Structure formats: structure tokens, C-alpha cells
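The residues making up each chain are set out below.
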Amino acid sequence: MSTDGLIVVDKPGGMTSHDVVARIRRFARTRRVGHGGTLDPMATGVLVIGVNRATRLLTYVIGADKSYTATVRLGQSTVTDDAEGDVIATTPAGTVTDAAIHAALADLTGEIDQVPSAVSAIKIDGQRAYKRVRSGESVDLPPRRVTVSRLDVLAIRRDQPDVVDVDVDVSCSTGTYIRAIARDAGLALGVGGHLTALRRTAVGGFTLAEAATLDELEQRAPDVVGVPLAAAADRFFPRRDAGPDEAKVLSHGGPLEPVGLAGPYAVFDPAGGLIAIVSERGGRARAEIVLAPA
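Quick notes on the rules
Residues numbered from 1 in each chain as written. Predicted model: local features only at pLDDT ≥ 70, side-chain atom pairs only at ≥ 80, totals over all residues. Heavy atoms only, no water. Salt bridge = Lys/Arg side-chain N within 4 Å of Asp/Glu carboxyl O. Helix = DSSP H or I, 4+ residues; strand = E, 2+ residues; numbered from the N terminus. Buried < 20%, exposed > 50% of the residue type's maximum accessible area, 1.4 Å probe, protein only. Pairing = 2+ DSSP bridges. Axes fitted to C-alpha atoms, helices over the stretch in contact; angles between N-to-C directions. Lys, Arg positive; Asp, Glu negative; His and termini not counted. Phe/Tyr/Trp six-rings, centres within 6.5 Å; stacked < 30°, edge-to-face > 60°. Lys NZ or Arg CZ within 6 Å of the ring centre and 35° of its normal.

(A) Up close: the pattern of salt bridges. Applying the stated rule across the entire model yields 19 salt bridges. Close ionic contact of Arg26 with Glu218 constitutes a salt bridge, the shortest N to O distance being 4.0 Å. With a gap of 192 residues between them, Arg26 in helix H1 (residues 17-28) and Glu218 in helix H6 (residues 214-220) connect regions that are remote in the sequence. In this structure, the salt-bridge partner of Arg240 is Glu246, at a minimum N-O distance of 3.4 Å. The class for Arg240 is buried, based on a relative accessible area of 7%.

(B) The arrangement of the sheet that holds strand E15 (residues 239-241) in detail. The strand order across the open sheet formed by four strands is E15-E16-E17-E18, and the pairing between neighbours is mixed. The two strands at the open ends of the sheet, each matched to only one other strand, are E15 and strand E18 (284-290). Strand-to-strand twist in this sheet, taken as the mean axis angle between neighbours without regard to direction, amounts to 40°. Here E15 runs beside strand E16 (residues 265-268); their pairing, made up of three bridges, is parallel.

(C) Just the pairing of E18, in detail. Across six bridges, strand E17 (residues 274-281) lies against E18 in antiparallel orientation. What sits directly across from Ser279, in E18, is Arg286. Connecting E17 to the next strand, E18, in antiparallel fashion are two residues, including Gly282 with a positive phi near 60°.

(D) Structural view of the side chain of Asp82. Position of Asp82 relative to the elements: it lies in the loop between strand E5 (76-78) and strand E6 (87-90). In this structure, Asp82 is buried with no salt-bridge partner, the nearest side chain bearing the opposite charge being Arg179 at 4.2 Å.

(E) The packing of aromatic side chains, seen in detail. One pass over the structure, following the stated rule, counts three aromatic pairs. A ring pair is formed by Phe206 and Phe236, whose centres lie 5.9 Å apart and whose planes are at 15°; its orientation type is stacked. Here the residue Phe206 occupies a position in strand E13 (residues 206-207), and Phe236 occupies one in helix H7 (residues 229-236), the gap between them amounting to 30 residues. Classification of Phe206 as buried rests on a relative accessible area of 1%. Of the residues examined, Phe236 reaches a relative accessible area of 25% and is grouped as partly exposed. Look at Phe236 and Phe237: their rings are 5.4 Å apart centre to centre, the planes differ by 65°, and that puts the pair in the edge-to-face class. A connected cluster of aromatic rings, assembled from ring pairs, spans Tyr60, Phe206, Phe236 and Phe237. Positioned above the aromatic ring of Phe268, the side-chain terminus of Arg239 is 3.9 Å from the ring centre.

Below, the structure is given as C-alpha cells:
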């Protein structure tokens, strides 16, 4: 049985996030494996995997800010807003200026109301949007407020006469669709656009620098956990250290006195073990999830 903790995986292209989870289950020799935020099959990069008790931290990982590098192709629109879908419209983009490209992307920075891609995992009346699209339905998703905190243009390439490829570096809130940024930039410029490459470089504080490939994880299986449970919580949350009596109360689900920490935060026992993720409300510090071993 593998230990409890997180694995930062460098997901390869061509695999779903669930494919990666299935591989990790085999490596770690446990069924208790999950991921902290889906990456599309064409995308590569940081996919945070939870093993055993650390799967309970994934709800917080999913909500973390994320960073990406990507390539937007102007001059072509696709049904999926990325390179996996069929091209549905072409408009020569060779005359679009660099200044116009910078301006269009600047307008997609900050707090924006973004309409997710129709081919997304968002559920409509209990069914994923992408399944409805692929069965021939027309899907209209409502806009969602997201934050694009950084959208830097790294390069503008004009290698072909009728398309322009724009390499970007993006930091954004959870729920932001990078392919929707590509689509909306193309719409604003009147030439259409879609995503041809996407690499996630960070999820919260977890980056590519510590990510392992599936081949590397297979070689060290079943010892695949890269960030043990307590270390993961210590990195991801503010920390509170509990005394022996407090640790006993909290490990059984009881409340503690508040200390004025903005929650959620991680509480550790005197030996450094993780007890719970806690938030303060109603004048008490109460566990959102208890992680101390039973």
C-alpha cells in the first residue's frame, strides 16, 4: 500500500486525466486515487494527484489558481475551440497587427465574464455539455465570472500567410477556459481563433519543477508519492500547531478556540502530524475535514 500524499504529474498529451488516475492506481497499488483539476487530452503539464487520505485535499487543490503557456492560432475557428475539433470557419489573419493582438488580449485580462467552451465538462440537466454537442445538440452555456490575473504575449509568429500564432503565458482563477480566451480573442479581431497547444505550468504552489513523468513514476512504483500528506497541507494552507489536549479534541471532530487565522488552515499535532483542515466560524474553530488516522 502506498503512503498518503500528493503526486505532481507532468501529464503527457493524448491522455485524459482519468487515464492518468488509472495508471497511478496501478503504480501506487491502491484504489484511493483522484486528481485535482481536469486537463484536456491535448493538454500537458501539471496534474496534481491525491493518494489515499490526501484525496480529501483535492477539493482545495481544484480551487487553486492555475498558470499555463499556450498557443492561440488566429484565422481559424474550430467546433471545440482547440485543435482537437474540426475547423468550421477560416478568415485570413495576415493583416492583423501586433498592436491589435495585444489590445484584444488585454481586454481579456482581469475580472471577465467568460462563456465556457460548448465542448466542456460542465453539466446541463445532468449531462456533460460535450456529450450534448457530440450528439448534435446546440449548447448555450451562461457566462461565468473568472479572473485572468496575467496574460502575457511571449511571441507573435507569422510562419504561414493566412494564420497568426500567438504564444501566451496565463495565470488565472479556477474555472477559466484558456481555449475560450483563444476563441474570444479571435472573435474580437474578426478572424476567429482556437488553441493549438496548452501546457499547465502550475496549480497553486505546485509547479513543473517538481513534476514527474509517468515513466519516472512507474520506475519507482509503488513509492510514487512526492509530497507526503502533512507536507502537502503545510505548503497549501496556513499552519496552526495544536497542543496535546487540543489535538485529542480535534482528532475526534470537536471544536477548538479560534486564534484569528483566516481559514481554511491546517492544524498539526505536537509530533507534526496533520490532524484536520479547519475554519473559524461562530466563535469556534471547527474541522472541515479530519485527516488524523482513525
